[in-house]
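Residue-level structure breakdown
Listed below, chain by chain, are the residues.
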Amino acid sequence: MPVIEQPYQYRRRRLDEPDWTRFPGWADVAEADWASAQWQRVHCVKNVKQLREVVGDRLHESFYEDLAADMAHSATMSMLLPPQMLNTMAPAIEETAPGSWTDAFYADPVRRYMLPVASDRHADWPSHPFATRDSLHEHDMWAVEGLTHRYPTKVLAELLSTCPQYCGHCTRMDLVGNSTPTVDKRRLALKPVDRQTAILDYLETHPGVRDVVVSGGDVANLPWKQLERFLDRLLDVETIRDIRLATKALMGLPQHWLQDEIVEGMARVAKRAAGQGVNLAIHTHINHVNSVTPAVARAAAAMLDAGVRDVRNQGVLMRGVNDTQADLLDLCFALQGEANILPYYFYMCDMIPNAEHWRTSVAQAQELQTAIMGYLPGYATPRIICDVPMVGKRWVHQLSEYDRELGISYWTKNYRTSIEADDPDALTRRYPFYDPIDTLPKAGQEWWRHMHPPVLAKEAGNAAAAQSRQAVANQDAAAEVA
């Protein structure tokens, strides 16, 4: 049978752990140290000086200046890179000459979202006029501190506001991590034990909630005894049937999840959950195939062997990181076929400040969803999701209307959020979502450029919606005449 040429050609790619000793600052790090979660945490890279100590002159000074400029003027998240994650940047490079890593670092997909530099950002449109710090209104929907009750049967429990690593595109940049020159972060006010008690008390008195995402921040930063105590109390609530633990650290710091204390503790929690018929899963956040290494696979296997029902991946779709058919399929095959992590969702990057260079249009997301169909097993084919403010998660083909020239899509919903109890129009209103302006045709870009000043932002949105509705009305009228 002849070989059929396909848009994507599958070839098995076995996992590989990049050689960390290629970094000048880690040339003498022993394997036992590298495998230590404590060593990884102590040696996280938190600033330009520490990055220079690890990489040295293999990055040109202009890169360090570019990075420092971004941290001073644009970054919404502070720098925090575990060695494990930094080691997945430019993993195959072997050169040792001064400046020889610079081009590879600029082009690297993991670097693009974990170590953003000023030249990455759009000069004309660093932020969309409608970008907001808490774009999904999670804080507005707190039932008690740290508990977002957004969906009728599901809640998000933000137990803490720190992570082992900070992603440049973090949707919770309003709360998570240290303040930056650009963003003065919101702070949790209650003591952790009081916050957890308030969350549990709320769940005990709201039997309509059956699904809890335990997150933050990242649960890997919560001491295990505290996390296990919280999960035990959560399992005391008879109406809870699903528990999902959110941790990017399964990839960024897999050494944490391989510790004996964690594995043994998870086995206790998983055994109890299974005995009660509660689905216990781990959700991680991996955006590129280079991040899927043998250590990540071992961490996932340890959790599955401990009795966790599933380890699933919720990535974020980002330009320059994973926005091609090959990018997504390479990642999904590595996750599903090599690491036993289920590809689950890819979210479109949210409308937060200084994120326009990462965001994709809805049209591109739709094209990518179509492009990955038919290659993976059905159960392992991820859905690409637009998390529409005030609406929630929607498959990218579920919009009700789309003005591609102005980059405005309209979405409807089938439930009220916790802040819409008295809104009679919540279920009939159409809610807008906005494409990155630089992806629009010239006419659309010029329209937004004219409406760009912040004081006109609301007027811009209203005018765009009116223009779009009129265009649809004209099309309907023309169809009736025809």
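Quick caveat: nothing in here was measured; it's all calculated off a predicted structure. (Residues numbered from 1 in each chain as written. Predicted model: local features only at pLDDT ≥ 70, side-chain atom pairs only at ≥ 80, totals over all residues. Heavy atoms only, no water.)

1. Re helix α4 (residues 61–73)
Put simply, the rule reads: By definition, any uninterrupted DSSP run of H or I lasting at least four residues is a helix, any uninterrupted run of E lasting at least two residues is a strand, and each is numbered from the N terminus. Expected helix span is computed as 1.5 Å times (number of residues minus one). In this scheme, a residue with accessible area under 20% of its type's maximum is buried, one over 50% is exposed, and one in between is partly exposed, where area comes from a 1.4 Å probe on protein chains only. As used here, the arc is the angular range of directions from the helix axis to the C-beta atoms. What makes two residues a contact is simply this: any of their non-hydrogen atoms within 4.5 Å.
Over its 13 residues, α4 extends 18 Å from the first C-alpha to the last, a length consistent with the 18 Å expected when each residue adds 1.5 Å. Regarding α4, the residues found buried are Phe63, Tyr64, Asp66, Leu67 and Asp70. Relative to the axis of α4, the buried residues are bounded by an arc of 160 degrees and lie together on one face. Away from its buried face, by an angle of more than 90 degrees, α4 presents the exposed residues Glu65 and His73. The elements touched by buried residues of α4 are α3 (48–55), α6 (102–107) and α7 (109–114).

2. Focus on the UniProt feature "domain: Radical SAM core" (unreviewed entry) in the chain
This is how the line gets drawn: UniProt positions are given in the numbering used here, feature names are shortened, and annotations may be inferred rather than shown by experiment.
Within the UniProt annotation, "domain: Radical SAM core" (unreviewed entry) is assigned to residues 149–380. Secondary structure within residues 149–380 divides into 38% helix and 16% strand; the distance between the first and last C-alpha atoms comes to 28 Å.

3. Side note on the packing of aromatic side chains
This is how it is decided: Geometry of aromatic contacts follows a simple scheme: Phe, Tyr and Trp rings, the Trp one being its six-membered ring, pair when their centres are within 6.5 Å, and the pair is stacked under 30 degrees between planes, edge-to-face over 60, tilted otherwise.
Counting across every chain of the model gives 19 aromatic pairs. Their ring planes at 50 degrees and their centres at 4.8 Å tell us that Phe23 and Trp26 sit as a pair that is tilted. The class of Phe23 is buried, set by a relative accessible area of 0%. Ring centres 4.5 Å apart and planes at 70 degrees place the aromatic pair Phe130 and Tyr434 in the edge-to-face group. Placement of the pair is Phe130 in the loop between α7 and β1 (142–144) and Tyr434 in strand β13 (residues 431–434), with a sequence separation of 304 residues. This pair shows no difference in class: Phe130 is buried, exactly as Tyr434 is. Among the aromatic residues, those joined into a ring-pair cluster are Trp20, Phe23, Trp26, Trp34, Trp39, Phe63, Tyr64, Trp101, Phe105 and Tyr106.

4. Let's talk about the pattern of salt bridges
Pairing is possible between side chains of opposite charge, provided their charged atoms come close. Put simply, the test is: The working definition used for a salt bridge is a side-chain nitrogen of Lys or Arg within 4 Å of a carboxyl oxygen of Asp or Glu.
Going through the model one piece at a time under the given rule, you end up with 25 salt bridges. Here Glu338 ties to Arg12 by a salt bridge, and the two come within 2.9 Å at their closest N and O atoms. On the criterion of sequence distance, the pair formed by Glu338 in helix α14 (residues 325–338) and Arg12 in the segment before α1 (31–34) is long-range, its members being 326 residues apart. Overall, Arg12 belongs to the partly exposed group, its relative accessible area being 48%. What you see here is one network of salt bridges that share partners, running through Arg111, Arg112 and Asp120.

5. Some words on the pairing of strand β7 (residues 310–317)
Heads up, the condition is: Whether two strands pair comes down to DSSP finding at least two bridges between them. Looking down the strands as they point away from you, a crossover is right-handed if its path from the first strand over the helix to the second goes clockwise.
Of all eight residues in β7, seven are buried; the element is thus mostly enclosed. Pairing of strand β6 (residues 279–284) with β7 involves four bridges; the strand directions are parallel. In the strand pairing of β7, Ile282 is matched with Val311. Examined bridge by bridge, β7 and strand β8 (residues 342–348) share six bridges and lie parallel to one another. From the neighbouring strand, Gly315 faces β8, where its bridge partner is Phe346. For the handedness criterion, the β-α-β arrangement of β7, α14 and β8 is classed as right-handed.

6. Description of the confidence of the model for the chain
Definition in use: Along the chain, pLDDT gives the predictor's confidence residue by residue, from 0 to 100.
Across the chain, the average pLDDT comes to 94, with 94% of residues at 70 or higher. Contacts from residues 454–469, a stretch scored under 50 in pLDDT, to residues over four places away or in other chains number 24 contacts.

7. Side note on the environment of Arg319
In this structure, Arg319 sits in the loop between β7 and α14. Given a relative accessible area of 15%, Arg319 falls into the buried group. With 259 residues separating them along the chain, Arg319 and His60 place their C-alpha atoms 24 Å apart. The contacts of Arg319, once residues within four sequence positions are left out, are Arg112, His122, Glu356, His357, Trp358, Arg359, Thr360, Gln364, Pro436, Asp438 and Thr439.

8. Remarks on the packing of helix α9 (residues 224–235) against helix α12 (residues 260–275)
Any two packed helices are characterised by how steeply their axes cross, that is the angle between the axes, and by the distance between the axes. Quick note on the threshold: Helix axes are fitted only over the stretch in contact, all axes being lines through C-alpha atoms; the angle between N-to-C directions runs from 0 to 180 degrees. Each angle is binned into one of four classes, with values under 35 degrees roughly parallel, values over 145 roughly antiparallel, values of 65 to 115 roughly perpendicular, and all other values oblique. Gly falls in the polar group here, along with every residue not listed as nonpolar (Ala, Val, Leu, Ile, Met, Phe, Trp, Tyr, Cys, Pro) or charged (Asp, Glu, Lys, Arg).
Direction vectors running N to C along α9 and α12 enclose 0 degrees, while the axes themselves pass 11 Å from each other. Relative to α12, the element α9 is oriented roughly parallel. Contacts from Trp224, Lys225, Glu228, Leu231, Asp232 and Leu235 in α9 reach Glu261, Ile262, Gly265, Met266, Arg268, Val269, Arg272 and Ala273 in α12. Tallied by class, the residues present in the contact of α9 with α12 amount to seven nonpolar, one polar and six charged.

9. Quick notes on the sheet that holds strand β11 (residues 401–403)
Read from one edge to the other, the open sheet built from three strands follows the order β11-β12-β13, with strand pairing classed as antiparallel. Looking at which strands have only one partner, the edges of the open sheet turn out to be β11 and β13. Going across the sheet, the axis of each strand differs from the next one's by a mean of 20 degrees, ignoring polarity. Where β11 lies against strand β12 (residues 408–411), three bridges are found, and the strand directions are antiparallel. When the bridges of β12 are listed, Glu401 appears paired with Tyr410. Along the sheet, helix α15 (residues 362–372) makes contact with β11, β12 and β13, crossing β11 at roughly 120 degrees.

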